[in-house]
Amino acid sequence: MITAVEALARLRDGNRRFVTNQTAAPVLSGHARRAALVAGQEPFAIVLGCSDSRVPAELVFDQGFGDLFVIRVAGNIVAPSQVGSVEFAAARFGTRLIVVMGHSQCGAVVATLEELLGHTNNQSRNLRSIVDRVRPSVEALLPGRREEDAEALVSDAIRANVRASVNHLRHGSELLKQLIRNDGLLVVGAEYSLETGIVTFFEGVSDAG
Ligand SMILES: [Zn+2]
């Protein structure tokens, strides 16, 4: 298995190909590749991303069958089943890089903000379970904000929500803590721009190894 740093470089290269419209995905997703993977997989990165239809991890990183172990849930939140999925992949396949990827204009984050600002309060219990996971990091941003800062507030909230998920994965699992300490597992945050197609990785890439 390649290291976290090598995996990160591979994702950056793939996103560059995606942005410049030079994708290799048709080759990576052909019949031969599928057949070769029947016997087993070795995904080089785990991606926890949002369910938003405009943010498919394999496409924006220009990867094919067998490359990424992807968990998608609205708002890229971390609940126990997401931790379990990440633990499974990290332990079973030896994958050394975990990326939590939020994106601009995330509907789950906007819905949370709307609720916090009192604009809506009629979500179902199930949807509320997502909003409740987003709320703590977003709530902390509200004091002192003015209405005209709405756009900046959404951007800040999206990043704060990614950081909260990263922290949860770094500190909320004994198994992942051990892998971080002893085996070079890295958990990094990232944001995908709907406007440009560019994935920006957050700072702190080196502080988790
Ligand atoms: Zn989203």
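Refer to the preceding data block for the structure.
Quick caveat, the model's predicted, so the values are computed rather than measured.

Our next topic: helix H6 (residues 107–116). For H6, the full list of buried residues reads Ala 108, Val 109, Ala 111, Thr 112, Leu 113 and Glu 115. Tucked inside the fold, the buried residues of H6 contact helix H7 (125–139) and helix H8 (150–171). Among the residues trailing H6, Gly 118 stands out with phi positive, at a value near 80°.

The subject of this paragraph is the coordination of the zinc ion. At the metal site, the zinc ion is ligated by Cys 50 (SG), His 103 (NE2) and Cys 106 (SG), and these contacts range over 2.1 to 2.3 Å. Along the chain, the residues donating to the zinc ion fall in the pattern C-x52-H-x2-C. Here Cys 50 is found in the loop between strand E1 (45–49) and helix H4 (57–60), whereas its partner Cys 106 is found in the loop between strand E3 (97–103) and H6, with 56 residues between them in sequence. Looking at Cys 106, the relative accessible area reads 2%, which means it is buried.

By the criterion of burial, strand E4 (residues 186–192) is predominantly enclosed, with seven of the seven residues buried. Side-chain alternation along E4 places Leu 186, Val 188, Ala 190 and Tyr 192 on one buried face and Val 187, Gly 189 and Glu 191 on a second face that is also buried. Two strands pair when backbone bridges link them, and E4 and strand E5 (residues 199–201) are joined in this way by three bridges, in the antiparallel orientation. Residue pairing across strands places Tyr 192 opposite Val 199, the latter belonging to E5. Taking the residues that link successive antiparallel strands as the turn, the E4-E5 hairpin has six residues, and the phi of Gly 197 there is positive, at about 80°.

Cut-off values and rules
- Residues numbered from 1 in each chain as written.
- Predicted model: local features only at pLDDT ≥ 70, side-chain atom pairs only at ≥ 80, totals over all residues.
- Heavy atoms only, no water.
- Buried < 20%, exposed > 50% of the residue type's maximum accessible area, 1.4 Å probe, protein only.
- Helix = DSSP H or I, 4+ residues; strand = E, 2+ residues; numbered from the N terminus.
- Contact = heavy atoms within 4.5 Å.
- Donors = N, O, S within 2.8 Å, 3.2 Å for Na, K, Ca; no water.
- Pairing = 2+ DSSP bridges.

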